[in-house]
Each structure stands twice: as structure tokens, then as C-alpha cells.
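# Examination of the molecular architecture
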Amino acid sequence: MDFNKHELQTLLRCYRKIDSRTEHSLNRMGFNVERQKTHVILSYWVNGRKLIFTVAKTSSDYRAGRNLASVIYNQIYQATFMAA
């Protein structure tokens, strides 16, 4: 992984929308960011598998970023360490 859990949580803690700063930080962490009409598709490669996360362009509430960080990290962790 090119990032740790704390870095991802810090980035998405104040997530209200995917702006250029957030997109750049996600790219730096190894995510491919694809903007669509109402959603953003995040893809991340782990051990030859492509993990895809669909994210709303604007969040629904203040917890959305924290929940998103948790889901992303858990999926990547599971694909990395539990695939053996």
C-alpha cells in the first residue's frame, strides 16, 4: 500500500466533495480517479486485482468521509493480507 489508514482518514475526514486537491492526493496514494456525471470512480490495484469504489461527488452528511475511508481501507487490507 502506498498510504496508511491515518493518511486516508485525514484526507477524507472533511470530505464534502471531491475537489482537485482531494483528487490529487488520492492519485498520489495510488488511486485512479475517474469523474462521471454524479459520481467519482476510484480504482486501486492490489495483487493483480482491481478494486473499484464508487463515491458520490458530494457527500450526504458529515460522517460520509469517515465511513468511506473505513470501507476503502478495509477492502484494500483484506485484498492485501487475506488473499493468501
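Residues numbered from 1 in each chain as written. Predicted model: local features only at pLDDT ≥ 70, side-chain atom pairs only at ≥ 80, totals over all residues. Heavy atoms only, no water.

Now for the pairing of strand E2 (residues 39-46). Burial within E2 is extensive, with six of its eight residues counted as buried. Relative to E2, strand E1 (residues 32-35) runs antiparallel, the two being bridged by four bridges. When the sheet's bridge partners are listed, Arg-35 is paired in E2 with Val-40. Counting the residues that bridge the hairpin from E1 to E2 gives three residues. (Buried < 20%, exposed > 50% of the residue type's maximum accessible area, 1.4 Å probe, protein only. Helix = DSSP H or I, 4+ residues; strand = E, 2+ residues; numbered from the N terminus. Pairing = 2+ DSSP bridges.)

This next bit is on the packing of helix H1 (residues 5-12) against helix H3 (residues 64-81). Helix packing geometry: the angle between the two helix axes and the distance between the axes. Closest axis-to-axis distance for the H1/H3 pair is 8 Å, and the angle between their directions is 150 degrees. Relative to H3, the element H1 is oriented roughly antiparallel. Viewed along their axes, H1 and H3 form a crossing whose handedness is right-handed. For the pair H1 and H3, the contacting residues are Lys-5, Leu-8, Gln-9 and Leu-12 in the first and Gly-65, Arg-66, Leu-68, Ala-69, Ile-72 and Tyr-73 in the second. Split by residue class, the contact of H1 with H3 holds six nonpolar, two polar and two charged. (Axes fitted to C-alpha atoms, helices over the stretch in contact; angles between N-to-C directions. Parallel < 35°, antiparallel > 145°, perpendicular 65-115°, else oblique. Left-handed = near helix turned anticlockwise from the far one by under 90°. Contact = heavy atoms within 4.5 Å. Nonpolar A, V, L, I, M, F, W, Y, C, P; charged D, E, K, R; others polar.)

That's the geometry; what it means functionally is another story.
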